[in-house]
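# Chain and residue survey
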Amino acid sequence: MQLHSPAAERNRQPILERLQRLLPPRGDALELASGSGQHVAHFAAAMPGWTWQPSDPDPAALASIAAWCAGLPNVHAPLALDASDATWAGVPDRVDLVLAVNLLHIAPWAVCGALMAGAARHLSPAGVLVVYGPFFEADVPTAASNLDFDADLRRRDPRWGLRDLAAVDAQARSAGLVRRERVAMPSNNLLLAWGRSPGERR
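This one's a predicted model, so the numbers in the text were calculated from it and none came from an experiment.

### A look at the packing of helix 1 (residues 6-22) against helix 2 (residues 38-46)
- Where helix 1 contacts helix 2, the two axes come as close as 9 Å, and the packing angle between them is 40°. Relative to helix 2, helix 1 is oriented oblique. Between helix 1 and helix 2 lies a crossing of right-handed hand. Touching A8, E9, N11, R12, Q13, I15, L16, L19 and Q20 of helix 1 are Q38, H39, H42, F43 and A46, all from helix 2.
- Its residues placed into classes, the contact of helix 1 with helix 2 shows six nonpolar, six polar and two charged.

Encoded structure:
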């Protein structure tokens, strides 16, 4: 059964356009927390040179991903994967893209460290980790809508909330990743990309 996310419907094209500028014509991608599957279906159809591995820990999401991606030859069957799982069982040894859309603010803070460590473990030497969502930045005024969103998230679960970008960068550096891109996106979101630091490329 196909689930439908209005947010995914709105942001899939702007994210796609940025990925097309950032990435080479071909590669292997892992998407974490694929949710409904609307993103990966849209990206796979528009980027046929890429092979996509969607994933999610929710059985309902896995069924929806499979439904959205039916007939797309460059999408693997979705993996039952929690980003906080230290093993990332079933993930290929090397991928050229790890993609996480709207994950960090609806997960415990520990997921950020697990994401960075897993990406560092699985990314190819020139691969990138791309994260999309709202963040706090010390030198950028926070939109009122993001402040309201953060408060609502924390009411729903005190472990959730918008993350401070400096703290996220620190987690990335501890895993051997450095930020290469910061792109302002619609609705006060950011698209961020990290890659291996020069000494970590291997």
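Still more ground to cover, so stick around.
### Digging into helix 5 (residues 144-156)
- Along its 13 residues, helix 5 runs 19 Å from first to last C-alpha, staying within 8% of the 18 Å computed at 1.5 Å per residue.
- Restricting attention to buried positions, one finds in helix 5 the residues N146, D150 and L153. Summarising the axial view, the buried residues of helix 5 lie within an arc of 65°, below the 170-degree limit, and thus occupy one face. With respect to the buried face of helix 5, the exposed residues turned more than 90 degrees away are A144, D148, R155 and R156.
- Buried-residue contacts for helix 5 involve strand 7 (135-136).

### Digging into the layout of surface pockets
- Size it by volume and the largest pocket reaches roughly 1000 Å³.
- In terms of lining residues, the largest pocket is bounded by 43 residues, among which V101, N102, L103, H105 and I106 are the most central.
- Here the lining of the largest pocket gets five residues from one element, more than from any other, and that element is helix 1.
- Of the residues contributing to the lining of the largest pocket, the split by class is 21 nonpolar, 15 polar and seven charged.
- Space inside the second largest pocket adds up to approximately 180 Å³.
- Contributing elements (two or more residues each) for the lining of the second largest pocket: strand 7, strand 9 (177-185) and strand 10 (189-196).
- By residue class, the composition of the lining of the second largest pocket is eight nonpolar, four polar and two charged.

Conventions we followed
Residues numbered from 1 in each chain as written. Predicted model: local features only at pLDDT ≥ 70, side-chain atom pairs only at ≥ 80, totals over all residues. Heavy atoms only, no water. Axes fitted to C-alpha atoms, helices over the stretch in contact; angles between N-to-C directions. Helix = DSSP H or I, 4+ residues; strand = E, 2+ residues; numbered from the N terminus. Parallel < 35°, antiparallel > 145°, perpendicular 65-115°, else oblique. Left-handed = near helix turned anticlockwise from the far one by under 90°. Contact = heavy atoms within 4.5 Å. Nonpolar A, V, L, I, M, F, W, Y, C, P; charged D, E, K, R; others polar. Expected span 1.5 Å × (residues − 1). Buried < 20%, exposed > 50% of the residue type's maximum accessible area, 1.4 Å probe, protein only. Arc of directions from axis to C-beta. 1 Å grid on protein atoms, 1.4 Å probe; cavity = no way out; pocket = protein on both sides within 12 Å on 5 of 7 lines; lining within 4 Å. Points joined across faces, edges and corners; volume = space filled by probe spheres on them.

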